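# Reading the structure
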Amino acid sequence: LADDGRPLAADAPESLRSFALHWGERMWSAFGQLDATVRSGAPVRDSGRDRFDTLAGRPGEARVFHLSMVGATRHDADAIVAACDVARARGVVDVGGGYGALLAALLKAHPHLTGATADLPYLQADALAFLGAEGVADRARYVPLDFFASAPPEADVYLLKSVLHDWDDDAAVAILRNVGAAMVGPARLQVIERCAPTRAAPDPSLQAVLRSDLQMMVATGGAERTEREYDAIFAAAGLVRRRTTATASPFSVLEVVAG
């Protein structure tokens, strides 16, 4: 492979192989139905909760998807970790964290932390193998969790990265209520998302969030939200945004506490 092709190799540092496969298969076919989504307002079939639940029966496709999320998270992990306030925390739970790419980066940067990635049960074996390969298995665990059905375990800090944008407002509020139910005392939630602008403009820095908004609309039925729109779903879940911290990436960290 030439230098530009090396990231497509499975063994390349920060490999983009699974990300390319995910976009070349799932997302390419989804965007092929963009006109139908624009007309109807409905995402493609095999989306939303049904898609995440049924991936358990398609292990090859599931592995491509979750490794693509690892690749995407790694790309921005340093910038996100630098913006997360965990100095006084001891335990962190990454809700909907998949294999635990963000958790692993956070634990490496903060040796005083322990943590867990909490996601659907079928991911447990692959997630534990990933955390072991990242060298954080002694401080990380896996918690099987359906975040629509129950609250995550107690922690000082909760993370929700690229989760809420997958869902419409009602589903997002349901997730937030379950996380809020676990937040005791000074516990905090850090929502990590691309914040949409209040108005679209021909600005290259907005291209990523606008593209992702289209992606969420067609593939999941979700959306990128403005800070005001996030405030509305936080309030509906009994939570309040305390501050927003920009990162050296397209993502912002919205710190949320009990209302």
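Heads up: these notes are all about the structure in this document. The structure presented is a predicted model; accordingly, all values stated were derived computationally and were not measured.

Regarding its fold elements, the protein presents nine helices and seven strands. Compactness check: the protein gives a C-alpha radius of gyration of 18 Å against a globular reference of 18 Å for 259 residues, within 12% of the reference. In terms of overall dimensions, the protein has a C-alpha envelope of 45 × 40 × 35 Å along the principal axes. Across the 259 residues of the protein, 49% fall into the buried class. A sequence separation of at least 24 residues applies to 67% of the contacts in the protein between residues at least 6 apart. If you sum the accessible surface of the protein, you get close to 12500 Å²; carbon and sulfur atoms cover 54% of it. One way to put it: in the protein the 26 positive side-chain charges average out to a point 2 Å from where the 33 negative ones average out.

Evaluated as defined, the whole model comprises seven aromatic pairs. A ring pair is formed by Y99 and F130, whose centres lie 6.2 Å apart and whose planes are at 40°; its orientation type is tilted. With Y99 in the loop between β1 (91-95) and α5 (101-109) and F130 in helix α6 (residues 124-133), this residue pair connects regions lying 31 residues apart in the sequence. Judged by its relative accessible area of 5%, Y99 is buried. For F130, a relative accessible area of 10% translates into the label buried. Plain terms: the ring middles of F147 and F148 are 5.2 Å apart, the flat faces sit at 75° to each other, and that makes the pair edge-to-face. Members of the aromatic cluster, connected to one another through ring pairs, are F19, W23 and F31.

Looking now at the sheet that holds strand β7 (residues 252-258). Taken together, the seven strands give an open sheet; going across it, the order is β3-β2-β1-β4-β5-β7-β6, and neighbouring strands pair in mixed fashion. The strands lining the two open edges of the sheet, one partner per strand, are β3 (140-144) and β6 (239-246). Going across the sheet, the axis of each strand differs from the next one's by a mean of 25°, ignoring polarity. Strand direction decides the pairing type here: strand β2 (residues 114-119) and β3, joined by five bridges, are parallel. Note that in β3 the partner of G115 across the bridge is A140.

Moving on, we get to helix α1 (residues 17-31). Along its 15 residues, α1 runs 20 Å from first to last C-alpha, staying within 8% of the 21 Å computed at 1.5 Å per residue. Residue W23 marks the point of greatest curvature in α1, where the axis turns by about 35°. Residues S18, H22, R26, M27 and A30 constitute the buried set of α1.

Running from N to C, α1 and helix α4 (residues 59-83) cross one another at 120°; their axes reach a closest spacing of 7 Å. As far as their axial angle goes, α4 and α1 are oblique. In this structure, α1 meets α4 at a crossing whose hand is left-handed. On α4, the residues touching S18, F19, L21 and H22 of α1 are V64, F65, L67, S68, M69 and A72.

Thresholds applied
- Residues numbered from 1 in each chain as written.
- Predicted model: local features only at pLDDT ≥ 70, side-chain atom pairs only at ≥ 80, totals over all residues.
- Heavy atoms only, no water.
- Helix = DSSP H or I, 4+ residues; strand = E, 2+ residues; numbered from the N terminus.
- Rg over C-alpha atoms; globule rule 2.2 N^0.38 Å.
- Buried < 20%, exposed > 50% of the residue type's maximum accessible area, 1.4 Å probe, protein only.
- Contact = heavy atoms within 4.5 Å.
- Areas by Shrake-Rupley, 256 points an atom, 1.4 Å probe, with all protein chains shown as cover.
- Lys, Arg positive; Asp, Glu negative; His and termini not counted.
- Charge placed at Lys NZ, Arg CZ, Asp CG, Glu CD.
- Phe/Tyr/Trp six-rings, centres within 6.5 Å; stacked < 30°, edge-to-face > 60°.
- Pairing = 2+ DSSP bridges.
- Axes fitted to C-alpha atoms, helices over the stretch in contact; angles between N-to-C directions.
- Expected span 1.5 Å × (residues − 1).
- Bend = angle between axes of the 7 residues up to and from the residue.
- Parallel < 35°, antiparallel > 145°, perpendicular 65-115°, else oblique.
- Left-handed = near helix turned anticlockwise from the far one by under 90°.

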